[in-house]
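Geometric and topological summary
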Amino acid sequence: MIKEQLQSLDSVCLNLGSGTGLIMSIVLALIMFGIALSIKPETLKDVFIKPKSIITGIVLQWVGLPLVTFLLIVLFHSFLTPMVCLGMILVASCPGGNISNFMSSLSKANVELSVSLAAVSTVSAPVITPFNFWFWGNLYLKYASLSGTIVLPQLQIPFSEIFKTVFVILGIPIMMGMIFSQYFPKVTAKIRKPFNIFSIVVFVVMVLGMFIPNRRLFVDYIIFIFILVLIHNACAFGTGYLGAGIMKLPLKDRRSITIEVGIQNSGLGLTMLLNPSIFKPEIWNNPETGILYGGMLFVTAWWGIWHIISGLTLSAFFRKHPVKEEEV
């Protein structure tokens with residue numbers, strides 16, 4: 001029953017509009033520019049003097065979450081479809097989310113660590129994101145073929161196209177923001193907070209703008225996607241919190257890492273899915289080949305909505321339970 005419903009997702013086309021990919025790219029670039037305004041060389045230096053926390057966060061982000069995602073797929077394999085599984089892997093391959101710094105601040109966690117983790121994961125995304133999607137995606141397909149499931153052939157990932165897309169959307173705005181902050185500190189101090197608030201509001205509006213035209217489709221399928229993304233997102237938060245706990249990090253650092261690992265830049269995943277140079281329509285959305293990626297779109301799109309709700313809820317919980325001095 002569940003698997004049949006999820007299979008029907010693949011042939012469903014979301015009404016995203018012809019310019020959605022470009023708009024999303026511009027919005028993400030603006031958000032990354034705003035994040036970069038908070039990145040100062042001394043901030044990064046202070047964190048890297050004691051590198052244990054940032055190394056733990058990066059490992060959990062780039063290795064821990066994809067591994068947990070793969071294990072989750074294996075656990076629920078009989079209920080899931082190849083495209084839904086690939087959607088989960090795509091989300092897990094993306095860098096930290098674009099509102100994680102705000103959530104760390106709301107949580108009274110280690111904001112400097114959060115900013116540094118976001119910077120490192122974002123700068124490395126042009127290489128790490130396509131590699132993780134290729135590695136874990138093909139590992140899943142091999143596992144599925146061994147278990148007798150009808151799956152896609154081996155993934156052929158256009159690394160150069162993904163690198164260019166991610167670099168333009170994330171890398172260039174980060175560099176421009178840091179340069180702007182360095183040369184115009186007074187202006188930066190005035191616009192940093194309003195710009196971040198503005199970019200977050202625009203991002204939320206963009207997500208809602210995608211959701212509203214497709215609300216009937218989401219209502220029809222939401223129960224299955226909701227449960228799946230809820231479990232996946234909870235596992236992401238759990239990976240960050242437990243992993244940081246195993247490393248005996250301070251509670252403030254543990255909270256920041258929890259948020260960084262649990263808040264994924266699913267907007268980047270959608271931007272990649274909507275880029276015909278990366279997911280070529282003749283291969284990935286072609287009824288003649290039987291390869292339809294509606295399941296990937298649904299999982300990635302709902303992540304973009306749900307992680308805002310779950311992240312703000314978790315941040316509010318952390319805020320109500322402030323860190324004691326002896327736990328810092």
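Look up a bit, the structure's there.
Quick summary incoming for the structure in this document. (Residues numbered from 1 in each chain as written. Predicted model: local features only at pLDDT ≥ 70, side-chain atom pairs only at ≥ 80, totals over all residues. Heavy atoms only, no water.)

**Observations regarding the overall build of the protein chain**
The helix and strand inventory of the protein chain stands at 14 helices and 2 strands. Burial statistics for the protein chain: of 328 residues in total, 54% are counted as buried. Long-range contacts, defined as pairs at least 24 residues apart, comprise 85% of the intrachain contacts of the protein chain with a sequence gap of at least 6. Surface summary for the protein chain: the accessible area is close to 14,900 Å², and the carbon and sulfur share equals 70%. (Helix = DSSP H or I, 4+ residues; strand = E, 2+ residues; numbered from the N terminus. Buried < 20%, exposed > 50% of the residue type's maximum accessible area, 1.4 Å probe, protein only. Contact = heavy atoms within 4.5 Å. Areas by Shrake-Rupley, 256 points an atom, 1.4 Å probe, with all protein chains shown as cover.)

**Focus on the side chain of S266**
For S266, the position within the fold is in helix α12 (residues 266–273). A relative accessible area of 2% means that S266 is categorised as buried.

**Focus on the environment of N138**
Inspection of the secondary structure puts N138 in helix α7 (residues 111–146). Sequence spacing of N138 and L86 is 52 residues, and the spatial spacing of their C-alpha atoms is 9.4 Å.

**Concerning the packing of aromatic side chains**
Per the stated rule, a full pass over the model turns up 10 aromatic pairs. On the numbers, 6.0 Å between centres and 65 degrees between planes, the contact of F33 with F180 is edge-to-face. Of the two residues, F33 sits in helix α2 (residues 20–36) while F180 sits in helix α8 (residues 159–183), which places them 147 residues apart along the sequence. With a relative accessible area of 16%, F33 lands in the buried category. (Phe/Tyr/Trp six-rings, centres within 6.5 Å; stacked < 30°, edge-to-face > 60°.)

**Quick word on the packing of helix α4 (residues 52–75) against helix α11 (residues 251–262)**
Where α4 contacts α11, the axes come no closer than 10 Å and their chain directions differ by 25 degrees. By the angle class used here, α4 and α11 are roughly parallel. Two packed elements cross with a definite hand, and for α4 against α11 that hand is right-handed. For the pair formed by α4 and α11, the contact residues are S53, T56, G57, L60, Q61 and L65 on the first element and D253, I257, E260 and V261 on the second. In terms of residue class, the contact of α4 with α11 is built from 4 nonpolar, 4 polar and 2 charged. (Axes fitted to C-alpha atoms, helices over the stretch in contact; angles between N-to-C directions. Parallel < 35°, antiparallel > 145°, perpendicular 65-115°, else oblique. Left-handed = near helix turned anticlockwise from the far one by under 90°. Nonpolar A, V, L, I, M, F, W, Y, C, P; charged D, E, K, R; others polar.)

**Let's talk about α12**
Taken across its 8 residues, α12 has 8 buried, putting it largely inside the fold. For α12, the complete set of buried residues consists of S266, G267, L268, G269, L270, T271, M272 and L273.

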